[in-house]
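Listed here are the chains, written in short residue letters.
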Amino acid sequence: MQDGAVARPLLFTPLPLRGVVARNRVVISPMVQYQARDGFVNDFHIVHLGSFARGGAGIVFTENAGVVPEGRVTEMDLGLWSEDHIEGLQRLTAFIHRQGALAGIQLTHSGRKGSMQSGPEGNGPLTPADLARGRRPWPVVGPTAEPVGPDWQVPRQLTPADIARLVDAWAQAARRADRAGFDVCEIHGAHGYLLASFLSPISNTRNDAWGGDRAGRMRFALEVARAVRAAWPANKPLFFRVSALDGAGGWDLEDTVVLAAELKASGVDVVDCSSGGLTGTATAAPIPRHPGFQVPYASAVRRRTAVATMAVGLILDGPQAEAILQEGHADLVAIGRQALYDPYWALHAAQALGCDPAFALWPAEIGWWLEKRSKILQPAPKAAK
Ligand SMILES: Cc1cc2nc3c(=O)[nH]c(=O)nc-3n(C[C@H](O)[C@H](O)[C@H](O)COP(=O)(O)O)c2cc1C
């Protein structure tokens, strides 16, 4: 390296994924905001997600978007079950692209955790007080008629014909996501929602071809992955979010490694390693929380299957994120709450890593001014005696 040149951290090294290139390896994790009506995107989403793109992230994910109306987690979530949803999302992806980021969408079916409380409402099953406030529950579905727990709705068991219809719904939603201008599509297979509830032997006690042994329980997830891969352009990357452990002692890391290898063979490019959520709130798990607590899952999947992984969970600053990449635990880092705290997380991480002294990564209309200011603030050289 020449004198004076600034070393480029891995975090800010562009990452090619099939036919697209993320400008860096910072991903904004899917985070639901309960601001949609009938699944439609609005100005809120453009400002909220747009600020992460302005803030320098490489990929900005939307929240979980329902592939069918009853596949939303709440009625305030985004959806992509109709052609009518495409136009608004085109405005969102165009804005994200103008800021230099890739736009990602997470496609989901909530399964037996559908029609639940939002985070601020408590993140559990709807209560009489929620109904009195105007929340309107809809019937939910699952691998069996077993509910998540006491007080949760009793689901209707999906039939093979229902499963086939839902696989198609996922594929149709992926086609619409492409037309809406998204670059990255993620299948939500974590947190106890429909696909995760089929994976775990605790929630899936079916004795047909979609239950039983691990291969049977993985079948629905793999059918969705293959159908989405076929519907999603070959030059665009496909991510799959797993709960590496279901948090209830049913599905474990060993199962995840087997699934990840199958997902890779089915055309999934990145396995996004989260955990928990099978028997309670969205991400609740009896898994001890500390910075980077889920990184070992991303690391094991990457090492044992050679599939690219995304690490997520209490990744707080640039040096921590850079160490995760340098040590080979993951290919991408997803930032959740720390990006809510600081939507310009990526640009601040670049400052912390010392790789953007001239504010060149910032939007030009800001960076020019910040560089001028930093020169003014530099301590004056000491006069020679
Ligand atoms: C407000 C909020 C909403 C979330 N919504 C989703 C979601 O829509 N889909 C999903 O897979 N995870 C969701 N999550 C989980 C995050 O994507 C992430 O995995 C989790 O917050 C851990 O990362 P963090 O410690 O950086 O926040 C949500 C988390 C938060 C805080």
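Below or above, wherever it landed, is the structure these notes cover. Just so it is clear, the model here is predicted, and its values are computed rather than measured.

The environment of the ligand is formed by 22 residues, the closest being Ser29, Met31, Asn64, Gly336 and Arg337. For the shell around the ligand, the secondary structure elements donating two or more residues are strand E4 (59-66) and helix H10 (337-341).

The subject of this paragraph is the environment of aspartate 151. You can see aspartate 151 is positioned in the loop between strand E6 (141-142) and strand E7 (156-157). Judged by local crowding, aspartate 151 falls into the exposed class, with 10 C-beta atoms found within 10 Å.

Moving on, we come to the pairing of strand E12 (residues 332-335). For a regular strand, the rule is simple: side chains alternate between the two faces of the sheet. Here E12 shows no split at all, with Leu332 and Ala334 on one side and Val333 and Ile335 on the other all buried. In this sheet, E12 lies alongside strand E3 (residues 26-28) in parallel orientation, the contact comprising 3 bridges. Note that in E12 the partner of valine 26 across the bridge is valine 333. Examined bridge by bridge, strand E11 (residues 308-312) and E12 share 3 bridges and lie parallel to one another.

Now for the packing of helix H7 (residues 253-265) against helix H8 (residues 295-305). As a packed pair, H7 and H8 sit with axes 10 Å apart at the nearest point and diverge in direction by 50°. Viewed along their axes, H7 and H8 adopt a mutual orientation that is oblique. Classified by chirality, the crossing of H8 by H7 is right-handed. Residue-level inspection shows Leu253, Thr256, Val257, Ala260, Ala261 and Lys264 of H7 in contact with H8, the latter providing Tyr297, Ala300, Val301, Arg304 and Thr305.

Cut-offs and rules
- Residues numbered from 1 in each chain as written.
- Predicted model: local features only at pLDDT ≥ 70, side-chain atom pairs only at ≥ 80, totals over all residues.
- Near = placed C-beta within 6 Å.
- Helix = DSSP H or I, 4+ residues; strand = E, 2+ residues; numbered from the N terminus.
- Buried ≥ 20, exposed ≤ 12 C-beta atoms within 10 Å, placed from the backbone.
- Pairing = 2+ DSSP bridges.
- Axes fitted to C-alpha atoms, helices over the stretch in contact; angles between N-to-C directions.
- Parallel < 35°, antiparallel > 145°, perpendicular 65-115°, else oblique.
- Left-handed = near helix turned anticlockwise from the far one by under 90°.
- Contact = placed C-beta atoms within 7 Å.

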